[in-house]
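# Geometric and topological summary
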Amino acid sequence: MNLKKTLAFLAVATASVSLAACGSSDNGGSSDGIVLANGAEPQNPLIPANTNENGGGRLTKLIYAGLVYYDNAGETHMDVAESIEPNKDNTVFTVKLKDTKFSDGSPVTSKDFVDTWNYAVEKNFNNAYFFEMIKGYKEGAKSMEGLKVIDDSTFTIELAAPDADFVSRLGYDAYFPMHESAFADIDGYGENPIGNGPYMLDSWNHNVDATVVKNPEYTGERTAQNEGVKFTFYAQGDAAYADLLSGNLDVLDAIPDSAFSTYEQELAGRSTSDASARQVALTLNENLDHFSGEEGKLRRQAISHAINRDEITEVIYKGTATAAKDFTSPAIPNYNDSIKGSDVLNYDPAKAKELWDKADKISKFEGTLPISYNADGNNKAWVDAVANSIKNALGIESVGNPYPDFKSFRDEVKNRTAKGATRSSWSADYPATSAFIGPLYGTGAGNNDADYSNPELDSLIDKAASSSPEEAVKVNEQIQQILFEDLPAVPLWYPNTTIGWSESVNNVAVSWNGTIPFWEISKA
């Protein structure tokens, strides 16, 4: 079978079906300064240290402010912090706070940061592992001895080992402070949080939309240039794109693949496609039948060689994605596309079949390999193409397995009930190689969907964290060599962030990690 022709057919078929299903929303035009954008139902209540997915993340990043923030190029700037001073060996950091307030007018204090961080560890939130480097960290610990409040505007952070990258981590959601009222009713607070960011939550209609409005108490550098943002939760990307074309949506953060051939002409200068710190992969959990031990390693390598990344990105993505060469992204400093072992990502159907047959000698694979994904995320065309590539190379049945929305998909991934391989997409939490490694592949990490564990890799993660920046580059390459051998996930490609906007807004851009800085957008 000619794979290229098959891919082209899939792309056209998907476009036809999707466009036929398009409909317009009831948003209408907006003249009240509210920017209309697409979004997704958050998986969890809006607790920063428990939010590690895009649906909730786009809200927490607007509602809260951390000690530092990242500009569009990924440079770190002080936000709530006036200064963060390390000692000589980068083990103790003294934090001085600016005079800032929560949206209810109460001051943001050192105690708010310390209490929030300790609470995240005590409750073992999804992002609790971001505090592992702090002295006294232990799963479920009520307090970490490395955190000490000096006064209302000063606290210290003592680490268990040196970490030269520590300050650059502090702009991630896990480190945002919560209002003191959170600890009395965390579930209720997550539904209606009191934040300290450029916006505050105005409404959240579950599975429909959420609106944030300008926070009058915010005095930081991310000052909102609009009155707020309304995020509509679309079931299909094509419906959102149709609303964008008709003027019922101001900003779309992901042009659907069905429009890759036409969006530049249709939007006439109101679009951009920029590289960002993102990667798409297939994750195959260690506990799946036939995917543990040596057999599982052989099958992952076979699947990797069976996927024609270059052809899929050409036909499906029309140049808006690049075949993966590592486990990070070209947008990250010290990216290397020729690390030893990376040839496992090369398309080689003969090698793929050889490895699969070798695994069959250990235990015969029978049945179908499903690829699970969320249907509301522009994934159908590429999943069908990958399944077809695997089928052609390995001679097995492989099919897409859609879930209706992101939340239901991620819930099953988290519960380990999702079928077969699962679609994975990761945006770096901070601009460094380590942001792609520890959170995804460290033992017990919150986003380790493969349940992968390798003591040698864990040791190297710790070593990289305590090394000089120059030495860390070498250690991180050693880590990737192990990942190329074990393949807990199969890297596919680096997607550009391809966005579009209406004639009703100005100053729309894409930041280093593929997110849109909504506070910069103004209504025309």
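Here the structure is a predicted model, which means the values were calculated and not measured.

### Side note on the overall build of the protein chain
Within the protein chain, the regular secondary structure consists of 15 helices and 21 strands. Taking 524 residues into account, the globule formula puts the C-alpha radius of gyration at 24 Å, and the protein chain, at 23 Å, falls close to it. Taking the principal axes of its C-alpha atoms as reference, the protein chain extends roughly 70 × 55 × 40 Å. Counting only contacts in the protein chain whose residues sit at least 6 apart along the sequence, the fraction spanning at least 24 positions is 70%.

### Comments concerning the UniProt feature "domain: Solute-binding protein family" (unreviewed entry) in the protein chain
Taken from the UniProt record, the annotation "domain: Solute-binding protein family" (unreviewed entry) applies to residues 77-447. Across residues 77-447, the secondary structure splits into 28% helix and 21% strand, with the terminal C-alpha atoms separated by 26 Å.

### Some details on the environment of A275
As for its placement among the helices and strands, A275 is situated in the loop between β12 (271-274) and β13 (278-283). On the basis of relative accessibility, which here comes to 56%, the residue A275 falls in the exposed class. Each C-alpha atom, one on A275 and one on K325, is 15 Å from the other, the two residues being 50 residues apart in sequence.

### Topic: the pattern of salt bridges
According to the stated counting rule, one finds 23 salt bridges in the structure shown. A salt bridge links K297 to D486; the shortest N-O distance between them is 3.5 Å. Of this pair, K297 sits in helix α8 (residues 293-306) while D486 is found in helix α15 (residues 469-486), placing the two residues 189 residues apart along the sequence. Taking relative accessible area as the criterion, D486 reaches 12% and is therefore assigned buried.

### Let's talk about the nonpolar core
Within the largest apolar cluster, 99 residues are counted, with the highest numbers of intra-cluster contacts made by L67, W117 and I157. Ranked by residue count, the leading element in this core is helix α3 (residues 110-122), at six residues. Discounting chain neighbours no more than four positions away, the residues touching I157 are T91, V92, F93, V95, W117, I134, G146, L147 and F166. Counting residues in hydrophobic clusters, the runner-up holds 50 residues, among them V213, I303, I316 and W493.

### Considering the packing of α8 against helix α10 (residues 349-362)
With their axes 8 Å apart at the nearest point, α8 and α10 run at an angle of 160 degrees to one another. Taken together, the axes of α8 and α10 lie roughly antiparallel to each other. For the crossing formed where α8 meets α10, the hand is left-handed. Of the residues in α10, those touching α8 at E294, E295, L298, R299, Q301, A302, I303, H305 and A306 are P349, K351, A352, L355, W356, K358, A359, D360 and I362. Among the residues making up the contact of α8 with α10, the classes are represented as 10 nonpolar, two polar and six charged.

### Examining the sheet that holds strand β16 (residues 397-403)
One open sheet holds the six strands; their spatial order is β14-β18-β13-β17-β15-β16, and the pairing between them is mixed. Looking at the sheet topology across the chains shown, the edges are occupied by β14 (321-323) and β16. Pairs of neighbouring strands in the sheet enclose a mean axial angle of 30 degrees, with direction left out of account. In terms of strand pairing, β13 meets strand β17 (residues 421-427) through six bridges, oriented antiparallel. By the bridge assignment, A281 is partnered in β17 with S424.

### Considering helix α12 (residues 406-414)
Along an α-helix, residues three or four positions apart point the same way, because every turn accommodates 3.6 residues. Those residues of α12 not exposed but buried are F406, F409, R410 and V413. Taken end-on, α12 shows its buried residues confined to a sector of 90 degrees, consistent with a single buried face. Contacts from the buried residues of α12 go to α2 (54-63), β15 (368-374), β16 and β17. A side-chain oxygen of the first residue of α12 lies 3.3 Å from the backbone nitrogen of K407; this N-cap is D405.

### A closer look at the sheet that holds strand β5 (residues 92-97)
Taken in spatial order, the four strands line up as β4-β5-β7-β6 in an open sheet, and their pairing is antiparallel. Edge positions in the open sheet fall to β4 (81-86) and β6 (147-151), since each of these has one partner strand only. With strand direction ignored, the average angle separating the axes of adjacent strands in the sheet is 20 degrees. Relative to β5, β4 runs antiparallel, the two sharing five bridges. Paired with S83 across the strands is K96, a residue of β5. Packing against the sheet, α3 makes contact with β5, β6 and β7 (154-158), and its axis sits at approximately 165 degrees to β6.

### Brief notes about the environment of N127
Looking at where N127 falls in the secondary structure, it is placed in the loop between α3 and β6. For N127, a relative accessible area of 0% corresponds to the buried category. Among the polar contacts listed, one links the side chain of N127 to the backbone oxygen of P48, at a separation of 3.2 Å. Among the polar contacts made by the side chain of N127, one reaches the main-chain carbonyl oxygen of T51 at a distance of 2.9 Å.

### Comments concerning the packing of aromatic side chains
All told, the structure shown has 24 aromatic pairs when counted by the stated rule. Measuring from centroid to centroid gives 6.0 Å for F130 and Y175, while their planes differ by 85 degrees, and the two rings are edge-to-face. In this pair, F130 is assigned in the loop between α3 and β6 and Y175 in the loop between α4 (166-169) and α5 (186-191), connecting sequence segments 45 residues apart. Under the relative-accessibility criterion, F130 is labelled buried at 2%. The interplanar angle of 35 degrees and the centroid separation of 5.7 Å between the aromatic rings of F260 and Y317 together place this pair among those described as tilted. Here F260 is found in the loop between β11 (251-252) and α7 (263-267), whereas its partner Y317 is found in the loop between α9 (309-315) and β14, with 57 residues between them in sequence. A relative accessible area of 8% means that Y317 is categorised as buried. Taken together, the ring pairs in this structure connect F113, W117, Y129, F130, F131, F155, Y172 and Y175 into an aromatic cluster. Here the basic side chain of R222 rests over the ring of W519, its NZ or CZ set 4.9 Å away from the ring centre. For the cation-ring pair, R299 lies above W356, with the distance from its terminal atom to the ring centre recorded as 4.4 Å.

The rules behind each value
- Residues numbered from 1 in each chain as written.
- Predicted model: local features only at pLDDT ≥ 70, side-chain atom pairs only at ≥ 80, totals over all residues.
- Heavy atoms only, no water.
- Helix = DSSP H or I, 4+ residues; strand = E, 2+ residues; numbered from the N terminus.
- Rg over C-alpha atoms; globule rule 2.2 N^0.38 Å.
- Contact = heavy atoms within 4.5 Å.
- UniProt positions renumbered as here; feature names shortened; annotations may be inferred.
- Buried < 20%, exposed > 50% of the residue type's maximum accessible area, 1.4 Å probe, protein only.
- Salt bridge = Lys/Arg side-chain N within 4 Å of Asp/Glu carboxyl O.
- Core = buried A, V, L, I, M, F, W, Y, C linked by side-chain atoms within 4.5 Å.
- Axes fitted to C-alpha atoms, helices over the stretch in contact; angles between N-to-C directions.
- Parallel < 35°, antiparallel > 145°, perpendicular 65-115°, else oblique.
- Left-handed = near helix turned anticlockwise from the far one by under 90°.
- Nonpolar A, V, L, I, M, F, W, Y, C, P; charged D, E, K, R; others polar.
- Pairing = 2+ DSSP bridges.
- Arc of directions from axis to C-beta.
- Polar contact = N/O pair within 3.5 Å; in protein donor to acceptor, adjacent residues only side chain to side chain.
- Phe/Tyr/Trp six-rings, centres within 6.5 Å; stacked < 30°, edge-to-face > 60°.
- Lys NZ or Arg CZ within 6 Å of the ring centre and 35° of its normal.

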